[in-house]
Amino acid sequence: MSITYMSKLYAPTLRDDPADAEIASHKLLLRAGMMRKTAAGVYTYLPLGKRVLAKIEEIVRDEMDATGAQEVFMPALQPAELWHESGRWDDYGPELMRFNDRHDHGFCLGPTHEELITALVRSELRSYKQLPTTLYQIQSKYRDEIRPRFGLLRSREFIMKDAYSFNESQESLQKTYDEMSVAYGNICDRCGLDYRPVEADSGQIGGKVTTEFMALADAGEAELVTCPDCSYAANTEAGACICHPTQYEVTELTEIETPGVGSIASLAEFLGIPETSTVKAMVGKDEEGCVWALFIPGDHELNEIKAERLIPGFELLTDEELEEIGLPKGSIGPVGLPEKVKVAADENLKAITAWVVGANKDGFHYAGATPGRDFTVDAWADLSVVKPGDDCPHCGATMTGCRGIEVSQVFQLGEKYSRTMGATYLDADGKEQYFIMGCYGVGVSRTLAAIVEQHNDEKGIIWPMTVAPAHVCVIPLSVGDDYVAPEAQRLADVLTAAGLEVVVDDRKDRPGVKFNDADLIGWPVQIVVGKRGLDEGNFEVKVRATGEKKNVATGELYERIAAFAQGTRAPEDFIAQVIE
Ligand code: ATP
Ligand code: MG
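This section reports on the structure supplied with the text. Bear in mind that the values here come from a model prediction, so they are computed numbers and not experimental data. (Residues numbered from 1 in each chain as written. Chains lettered and ligands numbered in written order. Predicted model: local features only at pLDDT ≥ 70, side-chain atom pairs only at ≥ 80, totals over all residues. Heavy atoms only, no water.)

1. A closer look at the environment of M35
Among the structural elements, M35 can be located in strand β2 (residues 35–39). For the pair M35 and G49, spaced 14 residues apart in the sequence, the C-alpha separation amounts to 6.0 Å. Excluding its chain neighbours within four sequence positions, the residues that come into contact with M35 are H26, L29, L30, Y43, T44, Y45, L46 and L152. (Helix = DSSP H or I, 4+ residues; strand = E, 2+ residues; numbered from the N terminus. Contact = heavy atoms within 4.5 Å.)

2. Re the state of the cysteines
The final tally for this structure, using the stated rule, is zero disulfides. Unpaired in terms of disulfides, C188 finds its nearest cysteine sulfur in C191, a separation of 7.1 Å. You can call C188 buried: its relative accessible area is 2%. With no disulfide of its own, C402 lies 12 Å from the sulfur of C227, the closest cysteine sulfur. On the basis of relative accessibility, which here comes to 25%, the residue C402 falls in the partly exposed class. (Disulfide = S-S within 2.5 Å. Buried < 20%, exposed > 50% of the residue type's maximum accessible area, 1.4 Å probe, protein only.)

3. Structural notes on the environment of V529
Structurally, V529 can be placed in strand β30 (residues 525–529). Under the relative-accessibility criterion, V529 is labelled buried at 0%. Separated by 41 residues in the primary sequence, V529 and A488 have C-alpha atoms spaced 6.2 Å apart. If sequence neighbours within four positions are ignored, V529 has contacts with V474, I475, P476, L477, V484, E487, A488, L491, L534 and F539.

4. Points about the packing of helix α2 (residues 47–66) against helix α11 (residues 444–454)
How two helices sit against one another is set out by the angle between their axes and by the gap between those axes. Following both chains from N to C, one finds α2 and α11 inclined at 110 degrees, their axes separated by 10 Å at the closest point. If you check the angle between α2 and α11, you find them roughly perpendicular. Between α2 and α11 lies a crossing of right-handed hand. Between α2 and α11, the contacting residues are G49, V52, L53, I56 and E57 on the first element and V444, S445, T447, L448 and I451 on the second. Of the residues assigned to the contact of α2 with α11, the class counts are six nonpolar, three polar and one charged. (Axes fitted to C-alpha atoms, helices over the stretch in contact; angles between N-to-C directions. Parallel < 35°, antiparallel > 145°, perpendicular 65-115°, else oblique. Left-handed = near helix turned anticlockwise from the far one by under 90°. Nonpolar A, V, L, I, M, F, W, Y, C, P; charged D, E, K, R; others polar.)

5. Here we look at the site of ligand 1
Taken together, 16 residues form the shell around ligand 1, and within it R143, E145, R154, S155 and E406 come nearest. Here a nitrogen atom of ligand 1 and a backbone polar atom of L153 are 3.5 Å apart. Here G443 contributes a backbone N or O atom positioned 3.3 Å from an oxygen atom of ligand 1. Its free accessible area being 580 Å², ligand 1 has 84% of it covered by the protein chains. Given that more than half its atoms are within 2 Å of the pocket grid, ligand 1 belongs to the largest pocket. Looking at the shell around ligand 1, the elements that each hand over two or more residues are β9 (157–167) and β22 (400–414). The element contributing the most residues to the shell around ligand 1 is β22, with five residues. (Near = heavy atom within 4 Å. Polar contact = N/O pair within 3.5 Å; in protein donor to acceptor, adjacent residues only side chain to side chain. Areas by Shrake-Rupley, 256 points an atom, 1.4 Å probe, with all protein chains shown as cover. 1 Å grid on protein atoms, 1.4 Å probe; cavity = no way out; pocket = protein on both sides within 12 Å on 5 of 7 lines; lining within 4 Å. Sits in = over half its atoms within 2 Å of the grid points.)

6. Description of the sheet that holds β30
Strand order in this open sheet of six strands is β1-β29-β28-β30-β31-β32, and the pairing throughout is mixed. Either end of the sheet is taken by a strand with one partner, and the two such strands are β1 (4–5) and β32 (549–553). As paired elements, β1 and strand β29 (residues 502–504) share two bridges and run parallel to each other. Within β29, the residue paired with T4 across the bridge is V503. Against the sheet, helix α12 (residues 484–497) makes contact with β1, β28 (472–476), β29, β30 and β31 (538–543), and its axis sits at roughly 170 degrees relative to β28, the strand it touches most. (Pairing = 2+ DSSP bridges.)

7. Details of the pattern of salt bridges
Two side chains that carry opposite charge are able to pair once their charged atoms sit near each other. Across all of its chains, the model carries 37 salt bridges by this definition. Between R190 and D62 there is a salt bridge, with its nearest N and O atoms 2.8 Å apart. With a gap of 128 residues between them, R190 in helix α6 (residues 170–190) and D62 in helix α2 connect regions that are remote in the sequence. The salt bridge involving R149 is made with E221; its shortest N-O contact spans 2.8 Å. Here R149 is found in the loop between β8 (133–142) and β9, whereas its partner E221 is found in the loop between β11 (210–216) and β12 (222–226), with 72 residues between them in sequence. Of the residues examined, E221 reaches a relative accessible area of 33% and is grouped as partly exposed. Bridged by salt links that share partners, the residues E145, R149, R154 and E221 form one connected network. (Salt bridge = Lys/Arg side-chain N within 4 Å of Asp/Glu carboxyl O.)

8. With respect to the environment of L82
Within the secondary structure layout, L82 lies in helix α3 (residues 80–86). Classification of L82 by relative accessible area gives buried; the value is 12%. Sequence separation between L82 and T424 is 342 residues; the distance between their C-alpha atoms is 16 Å. With sequence-adjacent residues up to four places away left out, L82 is seen in contact with E115, L116, A119, R122 and M421.

9. What about the layout of surface pockets?
Of the voids in this model, the largest pocket is the one considered here, and its volume is about 1,200 Å³. Going through the elements one at a time, β9, β11, β12, β22 and β25 (436–443) are the ones with two or more residues in the lining of the largest pocket. If one sorts the elements of the lining of the largest pocket by residue count, β22 sits on top with seven residues. A breakdown of the residues in the lining of the largest pocket according to their chemical character gives 18 nonpolar, 13 polar and 13 charged. (Points joined across faces, edges and corners; volume = space filled by probe spheres on them.)

10. Focus on the sheet that holds strand β6 (residues 97–100)
The strand order β5-β7-β6 describes an open sheet built from three strands, whose pairing is antiparallel. Strands with a single pairing partner mark the edges of an open sheet, and in this sheet they are β5 (77–79) and β6. Neighbour-to-neighbour, the strand axes of the sheet open up by a mean angle of 35 degrees, direction not taken into account. When β5 meets strand β7 (residues 106–109), the two strands line up antiparallel, connected through three bridges. Of the residues in β7, the one forming a bridge with L77 is L109.

11. Points about the pairing of strand β19 (residues 355–361)
For a regular strand, the rule is simple: side chains alternate between the two faces of the sheet. Where burial is concerned, most of β19 is hidden: six out of the seven residues are buried. Of the pairings in the sheet, the one linking β19 to strand β20 (residues 364–369) comprises four bridges and is antiparallel in character. Counted as the bridge partner of K361 is F364 from β20. Once β19 ends, the chain turns through two residues before running back antiparallel as β20, passing G363 with a positive phi of about 80 degrees.

12. Some points on the nonpolar core
If you look at the biggest cluster of nonpolar residues, it comprises 66 residues, and the most contacted ones within it are L29, I56, M64, Y184, L448, W463 and W523. Core analysis: the next-biggest nonpolar cluster, separate from the first, contains 29 residues, V474, L500, V541 and L557 among them. (Core = buried A, V, L, I, M, F, W, Y, C linked by side-chain atoms within 4.5 Å.)

Put into structure tokens, the structure is as follows:
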């Protein structure tokens, strides 16, 4: 790679934080001159941002190719017919960017490519002998997000690597899924991300088995629970909830007057008991309009995804609907409900026999309400949102909470698309079979932001060597002279010959400006070449990650670079081998 000169580089840095940027990655990618906003959730990558993107893409490509997946490139422009076939033209909602061409044919800009890829292979991937086959691409995706924000974390046009596997059995799918999961872990590691694979919900895409790869960061939108003792972690949207409601001493059904008590917190305070001894009610209806009262431990929240899994079409009632059926918000309980109301309860409540719960009368609660004796539970299920403090479902340890950025996700789709779109192959007996499919997505541009989110300080970005826009920045303190400038050039040439990507800050700016920009942009290694240093026979070498600066004799540095050039030549070894 040729040397980059800062005097020529299009990387307009900003001294101040842009007004609408809330989180570190958004601010710093703008300030470091790596990208610019074009429209809400739409960005242009400038040369440095593009370079980092290309490095992430190369890592992704390398890991995909290693699994045997083959790269293709599908159009972003997708005909509506395919989406009608899968049923998602109607299901996808307003996130799908739709339009008509001049002949009035419906199109969308692809938010994902299950339809296209299934249509692609259905007539030509015919024999079981060709399976499994996995195809992938790296491409722009379009989603009209309701709230594009946080820069590249949630944008409307973003770059994704999406892969699709076609398997002939569940076992074969599991194998591909496991290989992809390993590749996804490798991608995170190589990008320098601190991450956890987590149990997740499959949402819009369909299928059941799925894992999200979460880069741990406070700026992340996902709430996670993680086990300190085993590798288990889950998105709180999806994780199983195992908690411990506590039994209140009153076991006979006893009505208590609770004036003004309308929340769990006020109920617990009124009775002087922990929230874990109370039971919370939530009322909704199913797809047929049948009303359900759901009961969960008082210190937890209802997980509506789980509720919908138990009760298809589940939707919470509005305050008006509650009033219509005569249920007093704030005092709802399972004893004496109207006949037609069904009862579902969180499994964790099996641990207590006497519930402290609403009495279906404003200003009254029951203590000692006992399932089986005082009321009937029609269905028991896991209904609560898991939270820190709950038990790990694998080992029982108490879990802690943190936030994460979903950088990638793997799904087992099964036959969802092959059935709706009629995609079959011929098995060993010559019989038509539906493909068993998997799909696997990496948010490439979101990964870029996640890396910055995890690698920054008050001065700017701290790129890991593996994805840095260049490895070493040589900073001559004077330019155009015949002493410092030629030495800086020589050093840059030697580093380049050793396989490193080098930037020379040959701008006529003051040293302070150059140092600030170097830290803001985040070059992993900075080598200052100045007159005084050279007089003393030294370069000043700084490692951005540690902030450590030291003088190294010029001859010694050249020797170490020469040794490095004979060795692994891996940029990620450069700091350890040459500088430390
Ligand atoms: P989210 O839940 O964050 O909306 P998703 O689950 O809908 O994401 P997938 O369909 O799984 O996303 O897409 C695969 C990957 O694409 C995600 O793991 C994420 O890294 C990335 N991605 C999805 N939506 C966006 C977006 N709006 N901006 C940037 N990257 C995105
Ligand atoms: Mg996802």
